[in-house]
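# A look at the structure
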Amino acid sequence: MSAERFDTVLGLAHRRGLGARIGVFVLYALMVVVFAGPLVALMIGAFSKVVDPTGFSLVPDGGFTVRNFVAAADRDVYHYLINSFVVVGFGLLLQMLVSVFAAYALARHKMRFAALIMLAVLATMMLPEEVITIPLSVVLADVPPFDVNLIGTYAGMILPVGAWGFSILVMTEFMKEVPVELEEAARIDGAGELRTFFSIILPLCRPALGVIGVFGFTMIWDQYLLPLIVATEPSQYTLPIALRTLRSDEEVGIGVLLAAAMLALLPSVIAFLAFQRQFVRGLTSGAIKG
Amino acid sequence: MVLRTAESRRAIGTTEDRRTILGRRRPRRRSPVVPWLFLAPALILLFYFKYLPMADGLRMSFYEIRGYLGDQWVGGQNYQEIVTDDQFTAALWHSVVLAVGTTAGSMFFGLILALLLEGSSRVLWFVRTAAFLPVVTTIAVVAEVWRILYHPAANGPLNTILGWFAISPQPFLADEHSSLLSIMAVGVWRGAPYDMMIFLAGLAGVDRSLYESSAVDGAGTWRRFRHVTVPALRPVFVILITLAAIRGIRVFTEVFLLTNGAPNGSTEVLMTLIYKLGLQQGELGIAAAGSIVLFAATVILTVAVRALRRREV
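The numbering scheme is per chain: residues are counted from 1 as the chain's sequence reads. The order in which chains are written sets their letters, starting at A; the order in which ligands are written sets their numbers, starting at 1. Only residues with pLDDT of at least 70 get local features here, since the model is predicted, and only at 80 or more are side-chain atom pairs given and counted; chain-wide, interface and lining totals rely on the full set of residues. No hydrogens and no water enter the side-chain calculation; it runs on all heavy atoms of the structure.

Selection criterion: UniProt positions are given in the numbering used here, feature names are shortened, and annotations may be inferred rather than shown by experiment.
Looking at an unreviewed UniProt entry, chain B carries the name Carbohydrate ABC transporter permease, with the source organism given as Hamadaea flava. Regarding chain B, the relevant UniProt record gives this comment under Subcellular location (unreviewed entry): "Cell membrane". According to the UniProt record, the Sequence similarities (unreviewed entry) comment for chain B is "Belongs to the binding-protein-dependent transport system permease family."

As named in an unreviewed UniProt entry, chain A is Carbohydrate ABC transporter permease, taken from Hamadaea flava. On record in UniProt, under Sequence similarities (unreviewed entry), the comment for chain A is "Belongs to the binding-protein-dependent transport system permease family." UniProt, in its Subcellular location (unreviewed entry) section for chain A, records the words "Cell membrane".

### Description of the overall build of chain A
Condition: Helix numbering and strand numbering both begin at the N terminus, where a helix is a DSSP run of H or I of at least 4 residues and a strand a DSSP run of E of at least 2. Classification of residues uses two cut-offs on accessible area relative to the type maximum, computed with a 1.4 Å probe and protein chains only: under 20% is buried, over 50% is exposed, and between them is partly exposed. Contacts are assigned to residue pairs that have any heavy atoms within 4.5 Å of one another. Only the protein chains shown count as covering a residue, and every accessible area follows the Shrake-Rupley method with a 1.4 Å probe.
Scanning chain A from N- to C-terminus turns up 14 helices and zero strands. Scanning chain A from its N terminus toward the C terminus, one meets helices and strands in the order α-α-α-α-α-α-α-α-α-α-α-α-α-α. The buried share of chain A, taken over its 290 residues, is 56%. Considering only intrachain contacts with a sequence separation of at least 6, the fraction spanning at least 24 residues in chain A is 69%. Accessible surface, chain A: about 12700 Å² in total, of which carbon and sulfur atoms supply 66%.

### A look at the pattern of salt bridges
Going by this rule: By definition here, a salt bridge exists when the distance from a side-chain nitrogen of Lys or Arg to a carboxyl oxygen of Asp or Glu is within 4 Å.
Enumeration according to the criterion identifies eleven salt bridges over all chains in this entry. Arg187 of chain A serves as the salt-bridge partner of Glu193 of chain A, at 3.6 Å between the closest nitrogen and oxygen. Arg147 of chain B is the partner of Glu144 of chain B in a salt bridge, and the nearest nitrogen-oxygen pair spans 3.5 Å. Of the two residues, Glu144 of chain B and Arg147 of chain B are both situated in helix α7 (residues 139-149); the distance of three residues between them amounts to about one turn of the helix. The exposure class of Glu144 of chain B is buried, given its relative accessible area of 3%.

### Details of the interface of chain B and chain A
Operational definition: Buried area is calculated as the accessible area (1.4 Å probe) missing from two parts once they are joined, with the contributions of both summed. As used in this structure description, the phrase polar contact means that two N or O atoms lie within 3.5 Å; if the pair is within protein, one of them must be able to donate a hydrogen and the other to accept it, and residues adjacent in sequence are counted only when both atoms belong to side chains. Gly counts as polar in this scheme, as do all residues outside two lists: the nonpolar Ala, Val, Leu, Ile, Met, Phe, Trp, Tyr, Cys and Pro, and the charged Asp, Glu, Lys and Arg.
Chain B puts 99 residues into the contact, and the matching count from chain A is 104 residues. Buried area between chain B and chain A, summed over both chains or domains, comes out near 9200 Å², and the portion from carbon and sulfur atoms is 75%. Summed over the shared surface of chain B and chain A, the number is three salt bridges. One salt bridge connects Asp222 of chain A with Arg190 of chain B, and the closest N-O pair in it is separated by 3.8 Å. Where chain B touches chain A, the interface holds 14 residue pairs in polar contact (both at pLDDT 80 or more). No other element matches helix α3 (residues 33-60) of chain B, which puts 20 residues into the side of chain B that touches chain A. Broken down by class, the residue content of the side of chain B that touches chain A amounts to 64 nonpolar, 18 polar and 17 charged.

### A short note on the packing of aromatic side chains
Residues and elements named next belong to chain A. Heads up, the rule is: Aromatic contacts are taken between Phe, Tyr and Trp rings whose centres are within 6.5 Å, Trp giving its six-membered ring; a plane angle under 30 degrees counts as stacked, one over 60 as edge-to-face, and the others as tilted.
In this structure the tally under the stated criterion is 31 aromatic pairs over all chains. Where Phe47 meets Phe69, the ring centres are 4.9 Å apart and the plane angle is 35°; that geometry is what we call tilted. With Phe47 in the loop between α1 (18-46) and α2 (67-74) and Phe69 in helix α2, this residue pair connects regions lying 22 residues apart in the sequence. With a relative accessible area of 12%, Phe69 lands in the buried category.

### Some details on the nonpolar core
The line we're drawing: We define a nonpolar core as any set of buried Ala, Val, Leu, Ile, Met, Phe, Trp, Tyr and Cys residues linked to one another through side-chain atoms lying within 4.5 Å. Each domain's extent is set by a domain assignment, obtained either automatically or from a database.
Core analysis: the largest hydrophobic core is formed by 183 residues, its most contacted members being Met171 and Met175 of chain A together with Trp146 of chain B. The greatest single-element share of this core, amounting to 15 residues, is contributed by helix α3 (residues 77-108) of chain A. Viewed by domain, this core spans two of them, domain 1 (3-69) and domain 2 (75-284) of chain A, each represented by three or more residues. Other than its neighbours up to four places away in sequence, Trp146 of chain B contacts Leu158, Val186, Trp189 and Leu258 of chain B.

### Some details on the domain arrangement of chain A
All names here are of chain A. Parsing chain A into structural domains produces domain 1 (3-69) and domain 2 (75-284). Distance between the C-alpha centres of domain 1 and domain 2: 33 Å. Summing both partners gives a buried area of about 1000 Å² for domain 1 against domain 2, and 84% of it is carried by carbon and sulfur. When the buried surface of domain 1 facing domain 2 is broken down by residue, Leu42, Met43 and Phe69 rank first, second and third, together holding 50% of it. Put simply, domain 1 and domain 2 have zero salt bridges between them. Viewed at the interface, domain 2 and domain 1 are joined by one residue pair in polar contact (both at pLDDT 80 or more). Counting residues per element, the ones that place at least two in the side of domain 1 that touches domain 2 are α1 and α2. Considered class by class, the residues forming the side of domain 1 that touches domain 2 number nine nonpolar, two polar and one charged.

### Quick notes on the side chain of Ser167 of chain A
As for its position among the elements, Ser167 of chain A is in helix α7 (residues 165-175). Setting aside anything within four residues of it in sequence, one finds Ser167 of chain A in contact with Gln95, Ser99 and Ile212 of chain A.

### Structural notes on the UniProt feature "transmembrane region" (unreviewed entry) in chain B
UniProt records the feature "transmembrane region" (unreviewed entry) at residues 33-51, 91-117, 129-149, 192-211, 232-249 and 284-308 of chain B, using the numbering of this structure. Segment residues 284-308 of chain B splits into 100% helix and 0% strand. End C-alpha atoms: 36 Å apart.

### Topic: the UniProt feature "domain: ABC transmembrane type-1" (unreviewed entry) in chain B
Feature annotation in UniProt assigns "domain: ABC transmembrane type-1" (unreviewed entry) to the following positions: residues 92-305 of chain B. Helix makes up 75% of residues 92-305 of chain B and strand 0%, and the two end C-alpha atoms of the span are 19 Å apart.

### Points about the packing of α3 of chain A against α3 of chain B
Just so we agree on the cut-off: Here an angle of 0 to 180 degrees is reported between the N-to-C directions of two axes, which are lines fitted to C-alpha atoms, with helices fitted over the stretch in contact. Each angle receives one of four descriptions, namely roughly parallel if under 35 degrees, roughly antiparallel if over 145, roughly perpendicular if within 65 to 115, and oblique otherwise. A crossing counts as left-handed when the near helix is turned anticlockwise from the far one by less than a right angle, and as right-handed when that turn is clockwise.
Between α3 of chain A and α3 of chain B, the shortest axis-to-axis distance is 8 Å and the interhelical angle comes to 135°. Taken together, the axes of α3 of chain A and α3 of chain B lie oblique to each other. At the point where α3 of chain A passes α3 of chain B, the crossing takes the left-handed sense. For the pair α3 of chain A and α3 of chain B, contact is made by Leu94, Val98, Phe101, Ala102, Tyr104, Ala105 and Leu106 of chain A and by Pro35, Phe38, Leu39, Pro41, Ala42 and Leu45 of chain B, respectively. Its residues assigned to classes, the contact of α3 of chain A with α3 of chain B comprises 13 nonpolar, no polar and no charged.

Okay, structure coming up:
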């Protein structure tokens, strides 16, 4: 007991004794099984030869196979995957560009109504997306004043995710920290607005770009209602909304569903594992502001 | 570019020197139009896909939307219709129960996870990362995984595990008494690791010397937790309740995929009902009124949490 340190409330990591250590190990193992287990079981199921419609198993039933992924092609799973990548690719590019431009104006320029605009951006973060779904579908069907119908187009899934209050806010806060001297020096050297922006400000914002990039990616990849109201034909479905039709297709069997679910799961998990540090930082900063 | 910048900075010297050297010429006139050009894309997109739908939704809620016939003003009739509708009041109730249950469960387990997983060893890092996976997993996949786990037959995955403990098979989503609770459990499974991360960030801010001094004063683990940790985490609690309340009341995807309101309307929540009314039955005006009620509910919840906090402080 005398060796106990007070880095943490419980100080579990510093407990001595075999019994306590085994207890802690079992506890940790249980946590991993509870939270990661179902997802691991999903992946194993996707590679199993026999997939029972009732369940999962942590060992591949009947051996390892990629048959489910081959069969997935017949059900257009890869087409849906490409749709998802198109939407998330263009959506994220648009979202990041829009955010850094807006943040540059809000953080680096003295402008009238800056506080008012910031408030308006914050308000969209408070506004639940679901509240505007019905009228959004009406607006998308007839965008004034151009009379364009975006329902049934990729643009209808991409443009609405372009402006996201969270990434504008994170970017603005970050850009405020860039020392003003750097910018002034560039101006004295005769750099114009765009040049200053692209060669001075933007390179300095790389950590923040990582944050809004990984968050934007998961946010757009996770979009459900928007593609659901925009897609009019199955060929326009993104992978997440296609899962539902795969499930209700009696002929397909659960193996293909698991393969498709794994493909839908993988990109966001990879993005998280690759950008963990930024992810957690963004999460806490977003939460503390939101 | 960088070289020239460094050079010119050396030549000009410090900021103070620069002011005097360059005198009045320095503040280059920056056009007031420029920031607006940079802001324009964001403002245009926000206008079309946030503000305009919001305003249009408010307008629609007072009209009977009749497509080509033209809309007809009906005043508060849509609202009256929706608040007196049994389906709607049931959905509102389910939403509130689900929001409260998921919030409380996520925070409870999130705090326990955070306390158990606080620290900097590699093992802890690994467990934290594994536990966080549900949060980053696409919600549509989460729903599919749990639909399979909840398979109501005796050989369903969860029922098999229950069988090891001699518990009889549960119907989970298939029965109206357990369906809402089952959806809530999925919400907790996904919400607890998220809350854990926020709690961990909060715990990082707790002054370590307070643990030590209270231990010297003879306080055990529980009293240290109660009198040092909990007060330090108070702002985190408020943030999490606010976020979760908003998240909870607007829940859609999980419910839509797990039960879509079934069995017998026992899991119908506000958003699934609004979706059905607006996009399947074409009752756009009534659906819009429902959305406004949903919006009001989230605003009231947020304000209530804020007010509670103010009283506490």
